[in-house]
Amino acid sequence: MSKSLNGKTALITGSTSGIGLAYAKALAGEGANIVINGFGDKDAIEKERVGLEALSGARALYSGHDLTKVDQIEAMMKEAADMFGGVDILINNAGMQHVAPVEEFPIDKWDLIIALNLNAAFHTTRLAIPYMKDKKWGRIIQTASAHSLVASPFKAAYVTAKHGLAGFTKTVALEVATFGVTANCISPGYVWTPLVENQIPDTMKARGLTREQVMNDVLLAGQPTKQFVTAEQVAATALYLCSDAAAQVTGANLSIDGGWTAQ
Ligand code: NAD
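Treat the numbers as computed from the prediction; the structure is a model and nothing was measured. (Residues numbered from 1 in each chain as written. Predicted model: local features only at pLDDT ≥ 70, side-chain atom pairs only at ≥ 80, totals over all residues. Heavy atoms only, no water.)

Enquirer: Mind laying out the pairing of strand β5 (residues 138–143), listing which residues take part and the relevant values?
Expert: Of all six residues making up β5, six are buried, and the element is well covered by its neighbours. Summarising the sheet, strand β4 (residues 89–92) and β5 pair through four bridges and their orientation is parallel. Directly across from N92, in β5, lies its bridge partner Q142. Direction of pairing for β5 relative to strand β6 (residues 181–188): parallel, over a ladder of six bridges. If you follow Q142 over to β6, its bridge partner there is C185. (Buried < 20%, exposed > 50% of the residue type's maximum accessible area, 1.4 Å probe, protein only. Helix = DSSP H or I, 4+ residues; strand = E, 2+ residues; numbered from the N terminus. Pairing = 2+ DSSP bridges.)

Laid out in structure tokens, this is it:
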């Protein structure tokens, strides 16, 4: 039985965990070849890779490069091109967070967050576009964030990177508009993943709160539904953006945030 993404190749950065892994499973479910990337336990990653091939009936490649480094991004894109010819669907999703007041924000953390959450998307995108233009079809999707639209205290680097990503995506959308290539941001509110769980201790410290207070009074405080978004809900939106129905959706920033940025 043919599936909607048969013959397409999707590269998803930061897909060994959380939202990225949910994207990989959703796109594999529609028959795409998948390139996963990110860190983690080798055996666990290999298990996921094999599982993706079983799901898709196509191929899955793991490329474990560190995307804070330009030469490693170039190596990952080359591995994908060598195996699949090029990337039809690029999802820039790898990201990290650090929580601290601006005047105490560690310089190395600032540089890393800007490199991973913003600069890496520029490098993968510039390397993916020529193939997409040749094919007259492509999908560029960024996992941005509610923090691409509004700010929160103590997240200066993250908010800066995500706002930058939103502007970058609009520019790309205009440049590739006549080539059948779309570029969009998906902007989740809080999704329960390791990235969120890991920032709880620093937020407790920065704000002098208990774990429960951070969950209810900080994380879900701004989310009117009072529920975390699921990674699967985010992935379903990426599937929509890959469909023909979304061919005219470009330069958009789609919020999935329980109403957070409506306020
Ligand atoms: P996660 O921590 O579960 O996943 C992050 C992924 O990035 C992992 O696969 C990790 O190995 C990979 N990664 C980390 N550093 C890397 C590096 N240097 N090179 C390559 N890969 C690297 O986090 P998540 O919550 O699934 O976040 C995914 C994206 O979603 C991020 O861009 C994040 O900013 C965004 N986001 C998350 C939430 C949320 O509430 N979880 C909300 C809005 C946006």
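Enquirer: Describe the site of the ligand, listing the residues and the values that go with them.
Expert: Near the ligand you find 30 residues, and of these S17, N93, Y158, V191 and T193 are the closest. In this structure, an oxygen atom belonging to the ligand sits 2.7 Å away from a side-chain N or O atom of T16. Protein chains shield 92% of the accessible area of the ligand, which is 820 Å² for the free molecule. Its residues placed into classes, the shell around the ligand shows 13 nonpolar, 15 polar and two charged. (Near = heavy atom within 4 Å. Polar contact = N/O pair within 3.5 Å; in protein donor to acceptor, adjacent residues only side chain to side chain. Areas by Shrake-Rupley, 256 points an atom, 1.4 Å probe, with all protein chains shown as cover. Nonpolar A, V, L, I, M, F, W, Y, C, P; charged D, E, K, R; others polar.)

Enquirer: Please provide a residue-by-residue account of the nonpolar core, values included.
Expert: Counting 33 residues, the largest nonpolar core has Y23, L27 and I34 as its most contacted members. Contributing elements (two or more residues each) for this core: β1 (9–12), α1 (18–29), β2 (33–36), α2 (42–56), β4 and α9 (231–242). For L27, the residues in contact, after removing those within four places along its chain, are L5, A10, I12, A32, I34, I89, I91, L239 and C242. Core analysis: the next-biggest nonpolar cluster, separate from the first, contains 23 residues, V35, L61, M77 and L90 among them. (Core = buried A, V, L, I, M, F, W, Y, C linked by side-chain atoms within 4.5 Å. Contact = heavy atoms within 4.5 Å.)

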